[in-house]
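# Structural characterization, general
Take a look at the letters that make up each chain.
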Amino acid sequence: MAVTMTLDPIEQLNEDEKRKYIKGKKLGEGTYANVYLGHSRQDPSQLVAIKKIKVQQQYQDGMAPDAVRELKYLRELHHPNIISLLSVFSSKDQNLNLVLEYLPLGDLEMLIRDVDRVRYGAGDIKAWMGMLTRAVWFCHDNFVLHRDIKPNNLLIAADGEVKLADFGLARSFADPGRRMTANVITRWYRPPELLFGARHYGGAADIWSVGMVFAELIIRAPFLAGNTEVEQISLICKHIGTPTEDNWPGVTRLREYTVPSEVVPVWGKEAYMGRFGAVGADGVDLLVRTVALDPKKRITAREMLEHRWWRTDPKPTRKEDLPRKSGGGAEEKMGADLKRRNGILEDEANNSNSRGAKVARKLDFGQGK
Amino acid sequence: MATEDARYRQTSQYELWSFSPTQLADMREKTNAAARARIAERLSSLPALSNNTSTPASSVNTPDPDGASAPALPEFLTAAEEAQLVTFFTSELLRAGDHAEMTDEIKATAAAFFRRFYVTNSIMTYPPQEMLIVALFFGCKAEGSFVSISDFVKTFGKDNPEEVLAGEFLLCQGLRFAIDVKHPFRALRGALMELAALPDVDRARLGAAETRAREILRFSPLITDAYFHYTPSQIMLAALSLADRGLAERLITETFHHVTPPPDSGADTPSASGTDAPSSKKPTARSGEDKAQIIGCHLRDKVLGTIEACRDMLAKELPERREHWTNKAVIKAQITPLRKKLNKCRDPERWNLVELQRARRQQAAKKADSEDGDPDDRGEAGNSLQSDAAVFGDPLTASARDTKRRKVLSNGKGLDDPFGGPL
Amino acid sequence: MSRKPSSGLPAISSEDMCPVCKTIRYLNKDMEFLINPECYHSMCSNCVNRLFNDGPNQCPYAGCHRTLRRKGFRSAFFGDLSVEREVDIRRRVAAVFNQAEDDFETLRDYNNYLQMVEDLTFDLVSGSDAARRAAEATLQQWEAEHRADIERNRKAGREADEQSRRRLAAEREAARQRRVEALREAEEEKRERARSREAELDSLAKGEVVSAGGPAGGAQQRVQLKRRGQAAVNAAAASAAGTGAAAAAADVGRLSIRGLKEKKAPAPEGPYDPFGGMDFVPSRYKLHDGLSHPAIDKYKADPGHITGGYNFDDYTARALYEAFAGLAVFVEDEKEVGIGLSAGEVATISAGMIAVGDKMELD
């Protein structure tokens, strides 16, 4: 005999939540999760990204740590420079679905690496750094360590705003006495204290990563790109300076302390001016403070925001005017461009042909007088 | 409004899991009623109870002397009885956590999870003994401690990783995916720090108060509904008040005397009555910071009143009551009968978590039009689809569902008690 | 369009004699004529050097009393100097009035804008003296007022040019590829045909039957289809590029250009707030160095904590925050009133039983 099926109230709530969004095409696939484009049922113009966390074959112990962390921290952190978690629901097959805001313009890494087609200047770097710093500051102000800051995790919204994403390695600040793992943060962006195996650290670890991103924005290539931990340490020693008891008391007693035998003294600001001078003396000053070897001496996120660099010229570019990735978006833009732009005459420096050609075009009034 | 409060209001704990007592009671009532109705349906539709044509609605809670096997339905738990059992099992949960030597935060988070889960789910639907282990397991994860499931179950001398895993997602869903629980432990430290900075406080007194307050916090708020009705700050002060009333009151008075105006304007702070201009003469006492604003008395009193109410709630379940909840005589008299009753009115379909999860996964896999085309997903077939209905699944016919359901149940596991006799 | 010819300046490109020094080309084979946009009087480069190298001087043409400088002289692009003059004027105007079609709401607005610009230009080129001066003044004024906009438009224009240049280059490249591809395919075809003919002959020799056309025909067809397909793809791409952008126009009244799209002018920014308005400042407590707790202090001396950069102030800040966060949040009141969990949600949760028909039994 047919029986009416019913849902538990909590299942109903989940169902209601799920119904709010309509899932569309797959945007990306990974071992950890699949991401789909979607939109709000009520307002189809509100686009979302639905991240469906896959059941992990390798991880046999239920919900994966990344999923738990993302869920926990994204839900509590609300900030314009941190990716928004709009909703959570479970799918029929008991998989977790995170509904995130849709960030269509790729990530900062794409912009940095596309050297040929994307140009940006000091004002742009300042704008991006401002957004990143605010995101990190907000995390720390809420006592959360991100522990995976890198250009790849800085996504760009349609209006140009940069948002920190991927909280899969995040955790709350530890209470004194509680040990944390040192095996976090992607190697190129990992601070020396973690490379040396410190089990008690703080926001300074994230700040180091921010400094690495800063450097990468300027030179448009990863600043310290080691293939192994040992190599990473030696790169730090070479380009920043060797950590010693003089510049970092206690460092030699960290569990995994090991440095190349040739001791390089810590470089002063002047040494960075050559390579990073594009952001000005103030910018370099800020950069140098983020890569202080001793985490106690490293600048904090709050102090970063209070640094004078943000107030000197050039001003941070407005987000609408920030450079965008070439490719997809550029196509539509180009289409529009071909239609307009017949009034501008180039400076005399240009060849006379184009100058003449444009003028001739302008003279041709079909309707006109 | 105070900046601290504004921030607290943004937490999921406040948004999703804070209620007024009336609301909470209401929800429990409704959950109970819903569960009864549904279980009645399911029980009466089982093949074992064949020619039973009595409609589910009418037979709710009809007392039946014979019990489950007769065509009539069993006696269901009332909401009050459910609450009693939940409290008992919360105590069991804390004991298990103590036994496993978990941290205060993990135990507290697990207890909060457990209580939250049974607000919107009935204890008749999902087995509390299993769920408390699941809550402990998931509590570890939520607090950043990721243990392997096999190690975990070994701690409890058990051997059922599958069961725990089966309940994990269910628990997460029951929590509405809000897994960040804010506790009063660190707040207690903060309070002590503030008090210690006052000029004329006895250190020994502080130490004693902290010890007692902490002990209270480890038990009383978790066993009661305090987390639903009060903020961690209030709970902490209530516990401190129970430990040493004078200190708690001192702290509150200090706080509401010394309120620095927020940087933008002094108008925000609820200092309705007579505020001193921020630029007034420097006070002679202390450190020369501006103790400019004096909060209207009514706010301070309201805070005091709230803390007093919380204090009363906690006072009903002081740590000494741990003994009560493990007392064999008490258990035999109050808890065992309820558990017997529970055994008879369990939800036949949901009680076995492992089977439930398996069935759900199977069903999801069998659906021709699945949500996405991931061959990677366990058991999922199908390709990506655009249309709404297709994405979220067309309604299957009822009969198809029934057949599947009956297959699950006819395993025989549904009805029998897979957990052996009552404890 | 009819217009009286302007100042009747002589064309010089065929002129072999400099009107100033009367030198003829026979004497100076590479004689080059320069003009100065002040008065568009042309003379040979020798004269220019002779007359103006030592500083500004009067134009040598009879009746023209303008003071000219060496710097201003350049070679004319057009033979007809009146055209040259007009072109210069147009260039100047276009540098100032450089709005694009996109910037206007409707096509009519844009056309009106163009009309206004053209009127202005006409006045400058061939208006009476009074009209010319007025137009000149208008131009200056406009430029002064809209410097920022002009700059922006110019930048955008440059970008657009770059885009289109790149686009063209890409297309040219694609075309080249196609040609290469086509050549290759033609080669392939030929070879195929040759091969199949061989095969046919072989099989005939062996006595098998071979369908006419066979593989060669198939290959040919495939190539045709491919080419046609490619052509279709290109056509699609080209037309996609040509889809109209938002048309626009300006309703031109005087100097005000109506119908311009709302350019969000940057709101007058207040003092720069590094925290973007999201800073948290404690209101119930103050953080200072005197805050400590024995249980914490014992770790302050632990080298593991110190060296790793563990921050004890963070812990203190957190402890204090948690001690006071939510102190005056009255859950019962606020939830009853409806802040937080919406009434709807409460109802849904409480409602419990929802018969959803045959949907989702085991969901």
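Each value, and the rule that gives it
Residues numbered from 1 in each chain as written. Chains lettered and ligands numbered in written order. Predicted model: local features only at pLDDT ≥ 70, side-chain atom pairs only at ≥ 80, totals over all residues. Heavy atoms only, no water. Helix = DSSP H or I, 4+ residues; strand = E, 2+ residues; numbered from the N terminus. Buried < 20%, exposed > 50% of the residue type's maximum accessible area, 1.4 Å probe, protein only. Areas by Shrake-Rupley, 256 points an atom, 1.4 Å probe, with all protein chains shown as cover. Contact = heavy atoms within 4.5 Å. Disulfide = S-S within 2.5 Å. Core = buried A, V, L, I, M, F, W, Y, C linked by side-chain atoms within 4.5 Å. UniProt positions renumbered as here; feature names shortened; annotations may be inferred. Phe/Tyr/Trp six-rings, centres within 6.5 Å; stacked < 30°, edge-to-face > 60°. Lys NZ or Arg CZ within 6 Å of the ring centre and 35° of its normal. Patch = residues over 30% accessible without salt bridge, like charges linked within 9 Å, V, L, I, M, F, W, Y side chains within 5 Å. Salt bridge = Lys/Arg side-chain N within 4 Å of Asp/Glu carboxyl O. Pairing = 2+ DSSP bridges. Polar contact = N/O pair within 3.5 Å; in protein donor to acceptor, adjacent residues only side chain to side chain. Axes fitted to C-alpha atoms, helices over the stretch in contact; angles between N-to-C directions. Parallel < 35°, antiparallel > 145°, perpendicular 65-115°, else oblique. Nonpolar A, V, L, I, M, F, W, Y, C, P; charged D, E, K, R; others polar. Expected span 1.5 Å × (residues − 1). Arc of directions from axis to C-beta.

We now examine the overall build of chain C. Across its full length, chain C carries eleven helices and seven strands. Expressed as a percentage of the 363 residues in chain C, the buried residues total 34%. Surface exposure of chain C reaches about 20,900 Å², of which carbon and sulfur atoms provide 54%.

Across its full length, chain A holds twelve helices and ten strands. Contacts spanning at least 24 positions in sequence make up 62% of the contacts within chain A whose residues lie at least 6 apart. Accessible surface, chain A: about 14,700 Å² in total, of which carbon and sulfur atoms supply 50%.

All names here are of chain B. By the element assignment, Arg300 lies in helix α15 (residues 297-315). Taking the C-alpha atoms as reference points, Arg300 and His257, separated by 43 residues in sequence, lie 9.3 Å from one another. Look past the residues within four positions of Arg300 in its chain and what remains in contact with it is Ile252, Thr253 and Phe256.

The next point concerns the state of the cysteines. Residues and elements named next belong to chain C. Using the criterion set out here, one finds zero disulfides over all chains in the structure. No disulfide involves Cys39; its sulfur sits 3.9 Å from the nearest other cysteine sulfur, which is in Cys59. Judged by its relative accessible area of 9%, Cys39 is buried. The thiol of Cys59 is not disulfide-bonded; the next cysteine sulfur, from Cys64, is found 3.6 Å away.

Our next topic: the nonpolar core. If you look at the biggest cluster of nonpolar residues, it comprises 216 residues, and the most contacted ones within it are Leu96(A), Met129(A), Ile240(A), Met131(B) and Phe152(B). Contacts of Phe152(B), omitting those with residues within four sequence positions, involve Met102(B), Ile133(B), Leu136(B), Phe137(B), Cys140(B) and Val147(B). One finds Phe104(C), Met116(C), Leu120(C) and Ala135(C) within the second-largest nonpolar core, a separate group that totals 16 residues.

Before going further, it helps to spend a moment on helix α1 (residues 9-19) of chain A. Within α1(A), nine of the eleven residues are buried, which leaves it mostly tucked inside the rest of the structure. What α1(A) keeps buried is the set Pro9(A), Ile10(A), Glu11(A), Gln12(A), Leu13(A), Asn14(A), Glu15(A), Glu17(A) and Lys18(A).

Residue and element names in this part refer to chain A. According to UniProt, the positions carrying the feature "binding site: ATP" (unreviewed entry) are Leu27, Gly28, Glu29, Gly30, Thr31, Tyr32, Ala33, Asn34, Val35, Lys51 and Lys52. A maximum C-alpha distance of 13.9 Å places the annotated residues, which cover 26 residues in sequence, within one compact spot. Tracing the chain through its elements places Thr31 in the loop between β2 (21-29) and β3 (33-40). For Thr31, a relative accessible area of 67% gives the class exposed. With respect to the helices and strands, Ala33 occurs in strand β3. Residues contacting Ala33, with those up to four places away along its chain left out, are Lys51, Lys52, Ile53 and Lys54.

Let us look at the packing of aromatic side chains. Tallied over the full model, the rule gives 32 aromatic pairs over all chains. Geometrically, the ring pair formed by Trp137(A) and Phe275(C) is tilted, given 4.8 Å between the ring centres and 50° between the ring planes. In this pair, Trp137(A) is assigned in helix α4 (residues 122-141) and Phe275(C) in the loop between β6 (256-258) and α7 (294-300), connecting two distinct chains. We note that Trp137(A), like Phe275(C), is buried. Members of the aromatic cluster, each reached through a chain of ring pairs, are Phe97(C), Phe104(C), Tyr110(C), Tyr113(C) and Trp142(C). Here Lys23(A) stacks its cationic end above the ring of Tyr36(A), 4.4 Å away from the centre of that ring. Over the ring of Phe330(C) we find Lys302(B), and its NZ or CZ is 4.3 Å from the ring centre.

A word on a nonpolar patch on the surface. All names here are of chain C. Taken together, Met17, Ile24, Tyr26 and Leu27 make up a surface patch of nonpolar side chains, about 470 Å² in accessible area. Looking at the secondary structure, you find Ile24 in the segment before β1 (33-35). A residue is classified by how much of its surface remains accessible, and Ile24, at 36% relative accessible area, is partly exposed.

Attention now moves to the pairing of strand β5 (residues 85-90) of chain A. For a regular strand, side-chain orientation follows a simple rule: the groups alternate between the two sheet faces. Residue and element names in this part refer to chain A. Burial within β5 is extensive, with five of its six residues counted as buried. Sheet topology note: the β5/strand β6 (residues 96-101) ladder contains five bridges and is antiparallel. Paired with Val88 across the strands is Leu98, a residue of β6. Counting the residues in the hairpin turn of β5 and β6 gives five residues, including Gln94, whose phi is positive at 60°.

Turning to the side chain of Asn352(B), a few remarks are in order. Residue and element names in this part refer to chain B. Mapping Asn352 onto the fold places it in the loop between α17 (328-344) and α18 (353-366). On the basis of relative accessible area, Asn352 is assigned to the buried category, the value being 13%. At a separation of 3.1 Å, a polar atom in the side chain of Asn352 contacts the main-chain amide nitrogen of Glu355.

Below, the discussion takes up the pattern of salt bridges. Residues and elements named next belong to chain A. Throughout the structure, instances matching the rule amount to 71 salt bridges over all chains. The salt bridge partner of Glu229 is Arg187, with a shortest N-O separation of 3.9 Å. Of this pair, Glu229 sits in helix α7 (residues 229-239) while Arg187 is found in the loop between β10 (171-172) and α5 (192-195), placing the two residues 42 residues apart along the sequence. Of the residues examined, Arg187 reaches a relative accessible area of 26% and is grouped as partly exposed. A cluster of three or more residues bridged by salt bridges with shared partners is formed by Lys269, Asp282, Asp285, Arg289 and Arg308.

Here the residue pair Asp313(A) and Pro314(A) is connected by a cis peptide bond, since its omega of -5° sits within 30 degrees of zero. With respect to the helices and strands, Pro314(A) occurs in the loop between α10 (301-305) and α11 (328-339). With phi around 65°, Arg147(A) is a residue other than glycine that occupies positive phi space. Locating Arg147(A) in the fold gives a position in the loop between β7 (144-145) and β8 (154-156). Note on Arg147(A): relative accessible area 3%, which makes it buried. The backbone of Tyr40(C) sits at a positive phi, close to 60°, despite the residue not being glycine. Counting through the fold element by element, Tyr40(C) comes out in the loop between β1 and β2 (42-44).

All names here are of chain A. Across the sheet, which stays open at both edges, the five strands sit in the order β2-β3-β4-β6-β5 with antiparallel pairing between neighbours. Where the open sheet ends on each side, the last strands, each with one partner, are β2 and β5. Pairwise comparison of adjacent strand axes, ignoring direction, gives a mean angle of 25° for this sheet. Here helix α2 (residues 65-76) sits on the sheet in contact with β4 (47-53), β5 and β6, set at roughly 40° to β6.

Residue and element names in this part refer to chain B. Closest axis-to-axis distance for the helix α13 (residues 232-243)/helix α14 (residues 245-257) pair is 5 Å, and the angle between their directions is 140°. Regarding the angle of α13 to α14, the classification is oblique. Of α14, the residues touching α13 (which contributes Leu237, Leu240, Ser241 and Ala243) are Arg245, Ala248, Leu251 and Ile252. In terms of residue class, the contact of α13 with α14 is made up of six nonpolar, one polar and one charged.

The next subject is the environment of Ala196(B). All names here are of chain B. As for its position among the elements, Ala196 is in helix α9 (residues 185-196). Relative accessible area serves as the criterion here: at 19%, Ala196 is assigned to the buried category. Distance in space between the C-alpha atoms of Ala196 and Leu206 is 7.6 Å, their sequence separation being ten residues. Ignoring any residue separated from it by four or fewer positions in sequence, one finds Ala196 in contact with Arg203 and Leu206.

All names here are of chain B. The end-to-end C-alpha distance of helix α10 (residues 203-217), which contains 15 residues, comes to 21 Å, matching closely the 21 Å that a straight helix rising 1.5 Å per residue would cover. Turning to α10, its buried residues number three or more, namely Leu206, Ala209, Glu210, Ala213, Arg214, Ile216 and Leu217. Axial view of α10: buried residues confined to an arc of 150°, hence all on one face. Turned more than 90 degrees off the buried face of α10, the exposed positions are Ala204 and Thr211. In this fold, the buried residues of α10 make contact with α5 (104-120), α9, α11 (220-223), α13, α14 and α15. At the N-terminal end of α10, a side-chain oxygen is found 3.3 Å from the backbone nitrogen of Ala204, two or three residues along, and the residue is Asp202.

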